[in-house]
Amino acid sequence: MRAFQLTDQQVAQFNEDGYLMVPGLFDSEEMDLLYKIGKADQGLSDLARNRRDNQGGVSKLSLRNDLPDDIYSAFVRSHRIVDAMERLLGGEVYHYHHKMMIKEPFVGGAWEWHQDYGYWYSNGCLFPYMASCMIAVDRATKENGCLQVLKGSHHMGRIEHGVAGDQTGADMERVQHAMERLELVYCEMEPGTALFFHSNLLHTSAQNKSPNPRWALICCYNAARNDPYKESGHPRYHYLEKWPDERIKEIGREQWAELQEQMGSEPVSA
Ligand SMILES: O=C(O)CCC(=O)C(=O)O
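What you are looking at is a predicted structure, and each value in this text was computed from that prediction instead of being measured.

Visitor: I would appreciate a short explanation of the overall build of the protein chain in the present structure.
Guide: From N to C terminus, the protein chain includes eight helices and 13 strands. Over its C-alpha atoms the protein chain spans a radius of gyration of 18 Å, differing by no more than 12% from the 18 Å that the globule rule assigns to 270 residues. Principal-axis analysis of the C-alpha atoms gives the protein chain an extent of 55 × 40 × 35 Å. For the protein chain, buried positions account for 44% of its 270 residues. Look at the contacts in the protein chain between residues 6 or more apart in sequence, and 87% of them connect residues 24 or more apart.

Visitor: I would appreciate a short explanation of the sheet that holds strand β13 (residues 214-223) in the present structure.
Guide: Each strand in a sheet pairs with another by means of backbone hydrogen bonds, the pair being arranged parallel or else antiparallel. Spatially, the seven strands line up as an open sheet ordered β1-β11-β6-β13-β4-β3-β2, and their pairing is antiparallel. For this open sheet the edge positions go to β1 (19-22) and β2 (49-52), each flanked by a neighbour on one side alone. Averaged over neighbouring strand pairs, the angle between their axes works out to 25° when direction is ignored. Two elements, β2 and strand β3 (residues 58-64), share four bridges in a ladder whose sense is antiparallel. Following the sheet pairing, asparagine 50 is matched in β3 by lysine 60.

Visitor: When you look at unusual backbone geometry in this model, what are you seeing that I'm missing?
Guide: Note: most residues except glycine have negative phi, and most peptide bonds are trans. A positive phi is found at phenylalanine 106, a non-glycine position, where the angle reads about 70°. With respect to the helices and strands, phenylalanine 106 occurs in the loop between β4 (93-103) and β5 (111-114).

Visitor: Quick question: what am I supposed to make of the sheet that holds strand β12 (residues 203-205) here?
Guide: Pairing is antiparallel in the open sheet, where four strands are placed in the order β5-β12-β7-β10. Across the chains shown, the open sheet's two edge strands, defined by having one partner strand only, are β5 and β10 (184-187). Averaged over neighbouring strand pairs, the angle between their axes works out to 25° when direction is ignored. Strand direction decides the pairing type here: β5 and β12, joined by two bridges, are antiparallel. Of the residues in β12, the one forming a bridge with histidine 114 is histidine 203.

Visitor: In this structure, what is going on with the site of the ligand? I would like to understand it.
Guide: Within the structure, the ligand sits among Met101, Trp111, Asp116, Leu147, His203, Ser205, Ala216 and Ile218. Listing elements by their share of the shell around the ligand, those giving two or more residues are β12 and β13. The residue makeup of the shell around the ligand, split by class, is five nonpolar, two polar and one charged.

Visitor: Sorry if this is basic, but what is going on with the nonpolar core here?
Guide: One broad rule of soluble globular proteins: the nonpolar side chains tend to lie buried together. Grouped together as the largest cluster of nonpolar side chains are 65 residues, with contacts concentrated most on Phe75, Met85, Ile135, Leu195 and Phe196. Among the elements that line this core, the one with the most residues is β13, at seven residues. Beyond its immediate sequence surroundings of up to four residues, leucine 195 is in contact with Tyr19, Met21, Met134, Leu147, Cys187 and Met189.

Visitor: Explain the environment of methionine 31 to me, please; I cannot follow it from the model alone.
Guide: Tracing the backbone shows methionine 31 in helix α2 (residues 28-40). C-alpha of methionine 31 to C-alpha of glutamine 260: the two residues are 229 residues apart in sequence and 17 Å apart in space. The contacts of methionine 31, once residues within four sequence positions are left out, are Phe26, Pro191 and Gly192.

Visitor: Help me out: how do you make sense of the pairing of strand β11 (residues 194-198) in this one?
Guide: For a regular strand, side-chain orientation follows a simple rule: the groups alternate between the two sheet faces. Of all five residues in β11, five are buried; the element is thus mostly enclosed. With burial as the criterion, each face of β11 is covered, one bearing Ala194, Phe196 and His198 and the other bearing Leu195 and Phe197. Direction of pairing for β1 relative to β11: antiparallel, over a ladder of four bridges. If you follow valine 22 over to β11, its bridge partner there is alanine 194. The pairing of strand β6 (residues 130-136) with β11 spans five bridges and is classified as antiparallel. When the bridges of β11 are listed, isoleucine 135 appears paired with alanine 194.

Visitor: Is there a simple way to explain the packing of α2 against helix α8 (residues 247-262) in this structure?
Guide: For any two helices packed against each other, the geometry comes down to the angle between their axes and how far apart the axes lie. Contact pair α2 / α8: the axes reach a minimum separation of 10 Å and the direction vectors enclose 35°. Read as a crossing pair, α2 and α8 show a hand that is left-handed. Touching Glu29, Glu30, Leu33, Leu34, Lys36, Ile37 and Ala40 of α2 are Ile248, Lys249, Gly252, Arg253, Gln255, Trp256 and Leu259, all from α8. Per-class residue counts for the contact of α2 with α8 are seven nonpolar, two polar and five charged.

Visitor: Mind showing me how you'd approach α2 here?
Guide: Each turn of an α-helix holds 3.6 residues, which means side chains three or four residues apart point in the same direction. Spanning 13 residues, α2 covers 18 Å between terminal C-alpha atoms, matching the ideal 18 Å at 1.5 Å per step. For α2, the full list of buried residues reads Glu30, Met31, Leu33, Leu34 and Ile37. The arc that holds every buried residue of α2, seen down its axis, measures 160°, which confines them to one face. Along its buried surface, α2 packs onto α4 (71-77), β13 and α8.

Criteria and cut-off values
- Residues numbered from 1 in each chain as written.
- Predicted model: local features only at pLDDT ≥ 70, side-chain atom pairs only at ≥ 80, totals over all residues.
- Helix = DSSP H or I, 4+ residues; strand = E, 2+ residues; numbered from the N terminus.
- Rg over C-alpha atoms; globule rule 2.2 N^0.38 Å.
- Buried ≥ 20, exposed ≤ 12 C-beta atoms within 10 Å, placed from the backbone.
- Contact = placed C-beta atoms within 7 Å.
- Pairing = 2+ DSSP bridges.
- Axes fitted to C-alpha atoms, helices over the stretch in contact; angles between N-to-C directions.
- Near = placed C-beta within 6 Å.
- Nonpolar A, V, L, I, M, F, W, Y, C, P; charged D, E, K, R; others polar.
- Core = buried A, V, L, I, M, F, W, Y, C linked by C-beta atoms within 7 Å.
- Left-handed = near helix turned anticlockwise from the far one by under 90°.
- Expected span 1.5 Å × (residues − 1).
- Arc of directions from axis to C-beta.

Written out as structure tokens, the structure reads:
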């Protein structure tokens, strides 16, 4: 398969809008493996932490700063994502962290309006040369709390953030005014669709009141030239080894077979 490469037009669109949606970046076998492994993985579930929103909803996130040999790391290290990130951020990037965002049916909580750089700024990152790639594991819709973005809001630069429930939220006076001038986009995504978004893009997501889960894997990167000046809860610059895209399926098949063994069933091919 020809390696995925962003076109100049896609890069220009990201720069203009602050995000870029790429439908079908990952194929059905890759997504099937990520889905099955994610939902069966006790390690991922043990790491999951609750985040309360302002209205009593609870989201979970399972976050890692390291890259063990597993399917999540194969996504993080894939040329498909990392080469695109390096184009979008204009140079070498490293892994800042990755996280499975878990909104369970009926109870899944909202995420307040924020910019990721609103809090990564406090980690000693001098420049907003940071971005994320969100991969839909379940179908993400308005009903189950898909990501919402304010198109072009990254041009506003970083705005003030404060405590909101268990979360850090953006100054709502500014967000309200920005909403009068900028388009609100619901990022509905099929499994395998990827959303690249800039760290200064204002985004939020609503509670999941639907019967359908909304899981997504978010891989976050910082530019190598933006090495934080101090220690924080996320790593400073370290070289990111990129893996061929095929590694997602290879490692996914191995991990799925191991998980099935642990669950006491006969391994079957994915
Ligand atoms: O998963 C979501 O709905 C929101 C995620 C998010 O806002 C973030 O990770 O910065």
